[in-house]
Amino acid sequence: QVQLVESGGGLVQAGGSLRLSCAASGRTFSSYIMGWFRQAPGKEREFVASISRTGGTTRYTDSVKGRFTISRDNAKNTVYLQMNSLKPEDTAVYHCAADGAPGFIATSKGEYDYWGQGTQVTVSS
């Protein structure tokens, strides 16, 4: 079992940057594929980015490619999401998630076993 706690959200103007962090409990963090998802009001939770266990492979949804970067530090049990050139449409609650099943990368929310409570990101125009 793993517990996830996100931080780093806030209010930022369009074009600005934020760095989200997700701290995981437990000693097996490196055995999990990690992902970031977001949910805007009235919308389904959507995939944002995922990173493999070693950090060597990443995946992004098309709308954030070139602007967001996912990374992880297995020694610190933490996964990050660096968000640059933020747009108002990036406004959402951002959740990190952990996938413990066999596999290399995961882009579907159904593949993830554990979820954090989320952190609010608001981008003003």
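Residues numbered from 1 in each chain as written. Predicted model: local features only at pLDDT ≥ 70, side-chain atom pairs only at ≥ 80, totals over all residues. Heavy atoms only, no water.

Trainee: Outline the sheet that holds strand 3 (residues 18-24), supporting the account with residue identities and numerical values.
Mentor: Reading across from one edge, 1-3-8-7 is the order of the 4 strands in this open sheet, with antiparallel pairing throughout. Each having just a single partner strand, strand 1 (4-7) and strand 7 (68-73) make up the two edges of the open sheet. Pairwise comparison of adjacent strand axes, ignoring direction, gives a mean angle of 15° for this sheet. (Pairing = 2+ DSSP bridges. Helix = DSSP H or I, 4+ residues; strand = E, 2+ residues; numbered from the N terminus. Axes fitted to C-alpha atoms, helices over the stretch in contact; angles between N-to-C directions.)

Trainee: Could you give an account of the nonpolar core, naming the residues involved and the relevant values?
Mentor: A general tendency of soluble globular proteins is for nonpolar side chains to be buried together. The biggest cluster of nonpolar side chains holds 29 residues, and the ones touching the most others in it are Met-34, Trp-36, Val-79, Leu-81, Met-83 and Tyr-94. Counting only elements with at least two residues in this core, the list comes to strand 3, strand 4 (33-39), strand 5 (46-51), strand 7, strand 8 (78-83), strand 9 (92-99) and strand 11 (119-124). With sequence-adjacent residues up to four places away left out, Tyr-94 is seen in contact with Glu-6, Leu-20, Trp-36, Phe-37, Arg-38, Val-48, Phe-68, Leu-81, Met-83, Gly-118, Thr-119 and Val-121. Counting 6 residues, the second largest nonpolar core, distinct from the first, contains Ile-33, Phe-47, Ala-97 and Tyr-112. (Core = buried A, V, L, I, M, F, W, Y, C linked by side-chain atoms within 4.5 Å. Buried < 20%, exposed > 50% of the residue type's maximum accessible area, 1.4 Å probe, protein only. Contact = heavy atoms within 4.5 Å.)

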